[in-house]
Amino acid sequence: MNQSRIFLKTLMLLLIISLIFLFFQLKQLAVFTLHQIQPLNPDDVVTDEETGIRYVYDQLIVSFSMDTDLTTIENVIDDVNGEIIGGISDIKIVQVKINNLNNKADLDSVISQLKTYSAVKAACLNTVTTITSTENPVDPWKEGYKAGDKIYNEKNPGGSNWGLEAIKAYSAWQLGGELSTVKVGVVDGGFYINNPELKIPKNHATGVDGSYLLSGSKYNEIVSEFWNQHGTFVSGIICAIRDNQIGVAGVANNCDLFVFRTEQQEIAVMFGIERCLQEKCKIINLSMGNTITEERQQLIFDGKISVDSDIDTLNECVMWTNALNKWIKRYGGDFLIIEAAGNDFVDARWNGNLCCITDEKYQDYFLVVGGSADVGKKYEHYYDTYIDEDG
């Protein structure tokens, strides 16, 4: 009888120990498999009067070294009176809500405190990004063109197809079968995957909450209709089907398209890049950047803030450099991220995300591209000077 009681007590003790161990294992799993972010609430977006920067008023993005354990991450966040509300576990970047804040100075103070921890590689505001429409081409798409018409003139670009002519796309297309298929990821606004020019499979389309299309959803309260349409617009420029007698001709006809509908908060853009890399995308497109308000532009033009000394920009740059470094190590560096330089007539480094990185050792992994416009027989490069048609 006594032996039975001893056996039962031992069994109960082992069961309790196992449950305790399981509890901590599940707790660790919950953090390190955290692969979601908290959606953007428009009421939480504020503009700093001094710098003109837009950000989520009570959130930070914090990057930890890859060997940081669960306990350390939680202790650091607890120390700064914060809570983890989202993150990208594969690269140990977390979205953190900071409690009991009064102003941006309080967030800046928390960032300074976070930098004192050896496990923290970077910390920055969760800034709000945007996409900006550009002017329509001078010439509308002309009626009367039929499939097979010779409408491309690379020696004298102009008219409806001046952009494709300027980059000599027609010559590249003649290579035909010599060009292999490439998987292209587009991180952008909403996507209409049933567009006959795209025909994107549903398993190649997702978003922050698993949805690839904003129209008709709760997010209409957050973003403009232009944001809803922008992903479709950008995808068409890259991969619209050619020779189908409708719409436009995409620059690349041999692309396997994967699209990710992001939000306007910075952590969501990182999340989109991570998903594209998981899908083995070799090219990832970001036609977006930081929201540069008129007030912030004026401060830049007046020389009152400098991209080389602005603390918010520097913090953001450290964050993106750290993220890029982790992506290179995790995915082998076999990718190229294309980011727009912005539409604000300022140094592209102000555009945020990868634009701010100047370290040459990363130049093979991302490319910042400025827009151009047809101006007679020349092209106006928004971030350079005029070049002639042979440039």
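Residues numbered from 1 in each chain as written. Predicted model: local features only at pLDDT ≥ 70, side-chain atom pairs only at ≥ 80, totals over all residues. Heavy atoms only, no water.

## Considering the overall build of the chain
Secondary structure assignment for the chain yields 9 helices and 17 strands. Partitioning the contacts of the chain with sequence separation of at least 6, the portion at a separation of at least 24 is 71%. Total accessible area computed for the chain in this model is approximately 20,600 Å², and 51% of it derives from carbon and sulfur atoms. (Helix = DSSP H or I, 4+ residues; strand = E, 2+ residues; numbered from the N terminus. Contact = heavy atoms within 4.5 Å. Areas by Shrake-Rupley, 256 points an atom, 1.4 Å probe, with all protein chains shown as cover.)

## Overview of the confidence of the model for the chain
Predicted confidence across the chain gives a mean pLDDT of 78, with 75% of residues reaching 70 or more. This stretch, residues 133–148, has a pLDDT under 50; its non-local contacts, to residues over four places away or in other chains, come to 16 contacts. This stretch, residues 376–391, has a pLDDT under 50; its non-local contacts, to residues over four places away or in other chains, come to 38 contacts. (pLDDT = per-residue confidence, 0-100.)

## Quick look at the nonpolar core
Grouped together as the largest cluster of nonpolar side chains are 38 residues, with contacts concentrated most on L324, W327 and I357. Of all the elements in the fold, those that place two or more residues in this core are β6 (120–127), β10 (255–261), α7 (266–278), β11 (283–286) and α9 (311–331). Top element by residues in this core is α7. It accounts for 8 residues. Filtering out sequence-adjacent residues up to four positions away, I357 remains in contact with C317, W320, T321, L324, Y362 and F366. Judged by nonpolar contacts, the second largest core, of 20 residues, contains I53, I77, V80 and I111. (Core = buried A, V, L, I, M, F, W, Y, C linked by side-chain atoms within 4.5 Å. Buried < 20%, exposed > 50% of the residue type's maximum accessible area, 1.4 Å probe, protein only.)

## Side note on the pairing of strand β8 (residues 182–188)
The buried count for β8 comes to 6 of 7 residues, which makes it a mostly enclosed element. Note: β8 against β10, 7 bridges, orientation parallel. Among the inter-strand pairings, V184 is bridged to a residue of β10, identified as L257. Relative to β11, β8 runs parallel, the two being bridged by 4 bridges. Looking across to β11, one finds that V184 is bridged to I283. (Pairing = 2+ DSSP bridges.)

## Notes on helix α2 (residues 70–79)
Of the residues making up α2, those classed as buried are L70, I73, V76 and I77. Looking down the long axis of α2, one finds its buried residues gathered within 140 degrees of arc, a one-sided arrangement. The N-capping residue of α2, defined by a side-chain oxygen 3.3 Å from the backbone nitrogen of T71, is D69. One or two positions beyond α2, positive phi appears at N81, with a value near 60 degrees. (Arc of directions from axis to C-beta. Polar contact = N/O pair within 3.5 Å; in protein donor to acceptor, adjacent residues only side chain to side chain.)

## Considering the state of the cysteines
Using the criterion set out here, one finds 1 disulfide in the structure. The disulfide that involves C239 links it to C255, with 1.8 Å between the sulfurs. Taken as a pair, C239 in helix α6 (residues 225–239) and C255 in strand β10 lie far apart in primary sequence, 16 residues in all. For C255, a relative accessible area of 17% gives the class buried. Cysteine C276 is unpaired, with the sulfur of C281 as its nearest cysteine sulfur at 4.5 Å. (Disulfide = S-S within 2.5 Å.)

## A short note on the pairing of strand β13 (residues 336–340)
Two strands pair when backbone bridges link them, and β11 and β13 are joined in this way by 4 bridges, in the parallel orientation. Within the sheet, the bridge partner assigned to I283 lies in β13 and is L336. Pairing between β13 and strand β14 (residues 366–369): 4 bridges, direction parallel. Note on β14: the bridge partner recorded for I337 is F366.

## Considering the pattern of salt bridges
Within this structure, the stated rule accounts for 8 salt bridges. In this structure, D58 and K97 form a salt bridge, with 2.9 Å as the shortest nitrogen-oxygen distance. Of this pair, D58 sits in strand β3 (residues 54–64) while K97 sits in strand β5 (residues 93–98), and the two are 39 residues apart along the sequence. According to the relative accessible area criterion, D58 is buried, its value standing at 3%. One salt bridge in this structure joins K282 and D334, with 2.6 Å as the shortest N-O distance. Of the two residues, K282 sits in the loop between α7 and β11 while D334 sits in the loop between α9 and β13, which places them 52 residues apart along the sequence. When salt bridges with common partners are traced through the structure, they connect K104, D108 and D312 into a single cluster. (Salt bridge = Lys/Arg side-chain N within 4 Å of Asp/Glu carboxyl O.)

## Re unusual backbone geometry
In this structure, K92 is a non-glycine residue whose phi angle is positive, near 50 degrees. In this structure K92 comes out as buried when scored by relative accessible area, which is 13%. Phi is positive for N100, which is not a glycine, with a value near 60 degrees. With relative accessibility at 69%, the residue N100 sits in the exposed group.

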